[in-house]
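Breakdown of the fold
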Number of protein chains: 2
Amino acid sequence: MLGQMMQQPLLISSLLLHAERHHGDQLVVSRLVEGGIHRYSYQDLAKRSRCVAQAMTNLGVSSGQRVATLAWNGHRHLELYYGVSGMGAVLHTLNPRLHPDQLAWIVEHAQDQILCFDATFLPLVAAVATKLPSIKHFVLMTDRAHMPENSGIPDLLCYEDLLSTFDGDFVWPHLDENAASSLCYTSGTTGHPKGVLYSHRSTVLHTYASALPDALNLSARDTILPVVPMFHVNAWGLPYSACMVGAKLVLPGPGLDGQSLYELFEAEGVTLSAGVPTVWQGLLSHVQAKNLHFTSMRRTIIGGSACPPAMMQAFEDTYSVQVIHAWGMTELSPIGTVGILKGSQLDWPLSQRRDVQAKQGRAVFGIDMKIVDTHGQEMPWDGKTSGELLVRGPWVVAKYMGNENETPIVHDAAGHGWFPTGDVATIDADGFMNITDRSKDVIKSGGEWIGSIDLENIAMAHPAVAMAACIAARHPKWDERPLLIVVKKPDAHVDRDELIAFYKGKIANWWTPDDVVFVDAITLGATGKILKHRLREQFQDHLLQSLKS
Amino acid sequence: MLGQMMQQPLLISSLLLHAERHHGDQLVVSRLVEGGIHRYSYQDLAKRSRCVAQAMTNLGVSSGQRVATLAWNGHRHLELYYGVSGMGAVLHTLNPRLHPDQLAWIVEHAQDQILCFDATFLPLVAAVATKLPSIKHFVLMTDRAHMPENSGIPDLLCYEDLLSTFDGDFVWPHLDENAASSLCYTSGTTGHPKGVLYSHRSTVLHTYASALPDALNLSARDTILPVVPMFHVNAWGLPYSACMVGAKLVLPGPGLDGQSLYELFEAEGVTLSAGVPTVWQGLLSHVQAKNLHFTSMRRTIIGGSACPPAMMQAFEDTYSVQVIHAWGMTELSPIGTVGILKGSQLDWPLSQRRDVQAKQGRAVFGIDMKIVDTHGQEMPWDGKTSGELLVRGPWVVAKYMGNENETPIVHDAAGHGWFPTGDVATIDADGFMNITDRSKDVIKSGGEWIGSIDLENIAMAHPAVAMAACIAARHPKWDERPLLIVVKKPDAHVDRDELIAFYKGKIANWWTPDDVVFVDAITLGATGKILKHRLREQFQDHLLQSLKS
């Protein structure tokens, strides 16, 4: 017996229709790649997104085909988000920080038909254009006045010219809600990148969950500035959730340095931002150096990597900006957990609350999670026992694009499928998950596991440390022991023994790193995370050598 | 091309599973029909709901069959909500305020198999038991100690005895998300009641939307007391949304008088409540008479009927309780709009903000709405032009149960189906909808429409008026003119001329009621609304008679 309620598919175009009809005069403000600030309303966005759908149809894009972007957070990128997915094609956001060869591999693997890109990436695209046989049209996301005379790209199209020939008289099609809507590749440290193919259904459900009070808590009273790029897991879904709730949306373009961000925060009255810790470090340094404060900003969502507790405290104590830890993955659309306190925790002492907030958070409704041992047995939620983190939910990947015959999913005794995240974590009695390591980064010392993230957070709290990474170094007796790699702050002084002593009392003695290596810089990957496998290649024999010598 | 995310149905059992796993120690507190307070955790609720599923299976209930309840808001009712829907059967909540003959008609029409009821309703059930041929088992929702010796109901079962024979070792089935989950009848003023058959999908989507910051704004830091009965449109979905967000849930049982409610608010630290205006009037009177204040209560959701602005102001100004207007219908699961201000409205002057908050609110994402003229043409959103309100969305009714060959839905030129609400409303430029009348209650004076609700709100603001209703009275020249029916507060004095003069300057002169009739009481229907058709039957010729005399 079926219920008798209206059957309406969950579609990305519904988000835009809602914003247009119910928040039509709400603003979208963008810092342009060409310079200056662009502002228009959700009504304008809706009309131009329909023009995008018309233009793409005219260029031969049909349902299910991929349209790629290489672009910053800006209004034209947003129009492609809605126009391409809304018409039934698939928006494929490329990460410009990847190596050109990797980009070319991904475009070919995804069989992208069209590549739309910001002027910033003209040299990159010109360099790889001949290696992209699937691309039928290159579109520069600018107006006629900013088109280069000779781009080196044959038949380069101008985005504004394309749109100007259409009137926006287009009705969003009634799609299957399980139709593919967008595509992100996740670049593992080994093997080829893997494509996660989102659906309209997974996106809309993720949008509902992410806007809840105990998730990102988004409303029509918010002004949201996503620092997290729209080329990185759909900017954590904020381009969708802003439309769902009718928030003002501020898109920072290429200006991700502390000063540019701060100026935009203040000029547009931003209440909420979101990004990875490395970006916030830049903002914090700028604000501290210039002795500034935040007028309107109240909350910032930090994810991508664990936020060092020291940074969390600086934002909250000095600037009254609440730092909210969130955890996710490309395979999770991306949000899995958010670190919002429960009612029973509100009266806890500050230090205890801080400890909870430093964790990755609790599951938003839709996501279930568990930690398991190497036999797949569920481990207790005691905040101490760690295990591999598995997740399930309607916005979790089931298969990777182009690998339909393989599945990453593991099944439990009840027949439920779970996605193994590759993270090692604890979960406490209140359901707060804490990632202690990536499975491949965990340090296996004498049969016991040492989490590298705790060790890094302690080092990062030392005033002389700018960046710290802890890796497993080979050891003759214990198999592996922790080795700390440190970049010092400019003009700061600290030595090995002082840093080793800094761990005393903060952690079990046997977790203390065996040695410290000072380096000038640590290489970050395309998504701003430390490339630990490179450090391991370089330093994994460090202890063997120093013990020998 | 389909997306490649996990396929997980949206199920009511997922809400309970989430509460059990992620908020297992959160409390459910109930005032018992038998007296006293009962408290347990979501873990307990989950286990006992699985026992309900086992017990119902054992009684022969199979997938899609209906299990009816006649019960107050309490933990056993909550277990039936989750146990019956979760196992794949349909929970049919009966409204005990209906006439026994109407109840019997509804049970027969729905073909309910089992009837579970609170001890309060023993006399009612005993009186109609022989008229309920579809019911195979009657279950009294109490323990063995409170079972009557001779109930007059053959083979009366005891709820606690039923559950005690099961261990809760039951796995929620993997249902089609479009399967029917629950059933409410809406009693129109004419014709037979009509059954709205919700699905798991419609319920879970409604739960997501209703918990959003701009809807009911529910979190794990809330303690929610639904005054709105669980027999009335699923208590506006709060039994579901409390589990989704992990809020503490306080269920008031039969104690809906001002004193009982106030005591429970204070004892349990209730932060949020929800109900119809008539209940809040009782609470307000109690608090005013005893000179009390609210320690923890911050917000109250008022719906079902328009909240008189005077009551809204008393709650906010005197008691610092934010009053949030919401609008919905049984056919909408029920939430359609909520009156939360937008960012651009926060700086408006108080009186202007109050005017907006007195409206029924703006659409939550998932619901679209429009107003149309008698030809189905969409009318402008100017806050002045009124038209019939139409809605659409995935938790809006498509057909009524047992009337599968008829549909209430009307289609527009684009092929979209809309549900005609029977309400007449305006929508302003910010998307705030304001119901000016039920289509059948609107007063048609000389070809123009006069909304009865505005006229009632003005009368309710007069200090001597306890209740006011405005109806269309027949008029020889204007066809219809407004007639005000008033119940005075005890010992208050006001006459016709003073009330007529009270309208001056508050409304267009020609909207002023032609006359006032004072009565001792006005009859409310089963859902707490004024039965205007009865007033019309009684007073529709009042003006003809008074003009004649």
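Above: the structure in question.
Quick summary incoming for the structure in this document. (Residues numbered from 1 in each chain as written. Chains lettered and ligands numbered in written order. Predicted model: local features only at pLDDT ≥ 70, side-chain atom pairs only at ≥ 80, totals over all residues. Heavy atoms only, no water.)

Each regular strand carries side chains that alternate between the two faces of the sheet. Residue and element names in this part refer to chain B. Bridge analysis of strand β1 (residues 27-31) against strand β2 (residues 37-41) gives 5 bridges, and the strand direction is antiparallel. The partner of Leu27 across the bridge, within β2, is Ser41. Between β1 and β2, which pair antiparallel one after the other, the connecting turn spans 5 residues, and Gly35 there sits at a positive phi close to 100°. (Pairing = 2+ DSSP bridges. Helix = DSSP H or I, 4+ residues; strand = E, 2+ residues; numbered from the N terminus.)

Time to look at the packing of aromatic side chains. Under the definition given, this model contains 27 aromatic pairs over all chains. Look at Tyr81 of chain A and Tyr240 of chain A: their rings are 5.6 Å apart centre to centre, the planes differ by 45°, and that puts the pair in the tilted class. In this pair, Tyr81 of chain A sits in helix α3 (residues 75-87) while Tyr240 of chain A sits in helix α8 (residues 238-245), placing the two residues 159 residues apart along the sequence. Taking the relative accessible area as the measure of exposure, Tyr240 of chain A reaches 2% and is therefore buried. Grouped by ring-pair contacts, the aromatic residues Tyr262, Phe265, Trp280, Phe294, Phe315 and Tyr319 of chain A constitute a single cluster. When the ring centre of Phe518 of chain A is taken as origin, the NZ or CZ atom of Lys488 of chain A, which lies over that ring, is 4.6 Å away. Lying across the ring of Phe502 of chain B, Lys506 of chain B places its NZ or CZ 3.7 Å from the centre. (Phe/Tyr/Trp six-rings, centres within 6.5 Å; stacked < 30°, edge-to-face > 60°. Buried < 20%, exposed > 50% of the residue type's maximum accessible area, 1.4 Å probe, protein only. Lys NZ or Arg CZ within 6 Å of the ring centre and 35° of its normal.)

It is worth spelling out the side chain of Gln345 of chain B at this point. Summarising the element assignment, Gln345 of chain B is placed in the loop between β15 (335-338) and α13 (350-357). In contact with Gln345 of chain B, other than residues within four places in its own chain, are Arg353, Val356, Asp430 and Phe432 of chain B. (Contact = heavy atoms within 4.5 Å.)

What follows is about the relation of the copies chain B and chain A. Under the fitted operation, chain B is carried onto chain A by 0.0 Å of movement along the axis and a turn of 180°, and the coordinates agree to an RMSD of 0.1 Å. The symmetry that links the two subunits is that of a two-fold axis. Relative to the rotation axis, the closest C-alpha in chain B is found at Leu212 of chain B, a distance of 2.5 Å. In this assembly the copies share their binding face: 100% of the residues contributing to the interface of chain B also contribute to that of chain A. (Least-squares fit on C-alpha atoms with pLDDT ≥ 70 in both.)

As a further point, take the sheet that holds strand β4 (residues 90-93) of chain A. Paired through their backbone hydrogen bonds, the strands of a sheet run either parallel or antiparallel. Residue and element names in this part refer to chain A. Spatially, the 7 strands line up as an open sheet ordered β7-β6-β5-β3-β4-β8-β9, and their pairing is mixed. The strands lining the two open edges of the sheet, one partner per strand, are β7 (157-158) and β9 (194-199). Of the pairings in the sheet, the one linking strand β3 (residues 66-70) to β4 comprises 4 bridges and is parallel in character. Following the sheet pairing, Val67 is matched in β4 by Leu91. On top of the sheet, α3 reaches β3, β4, β5 (112-117) and β8 (180-186); it is set at about 145° to β4, its chief contact. The strands that helix α4 (residues 100-110) touches are β3, β4, β5 and β8; relative to β8, the one it contacts most, it runs at about 150°. (Axes fitted to C-alpha atoms, helices over the stretch in contact; angles between N-to-C directions.)

Looking now at helix α10 (residues 258-268) of chain B. All names here are of chain B. Buried within α10 we find Gly258, Ser260, Leu261, Tyr262, Leu264, Phe265 and Glu268. The secondary structure elements touched by the buried residues of α10 are β1, β2, β10 (223-226), β11 (248-251), β12 (272-275) and α11 (277-290). Gly269, located one to two residues past α10, shows a positive phi value of around 65°.

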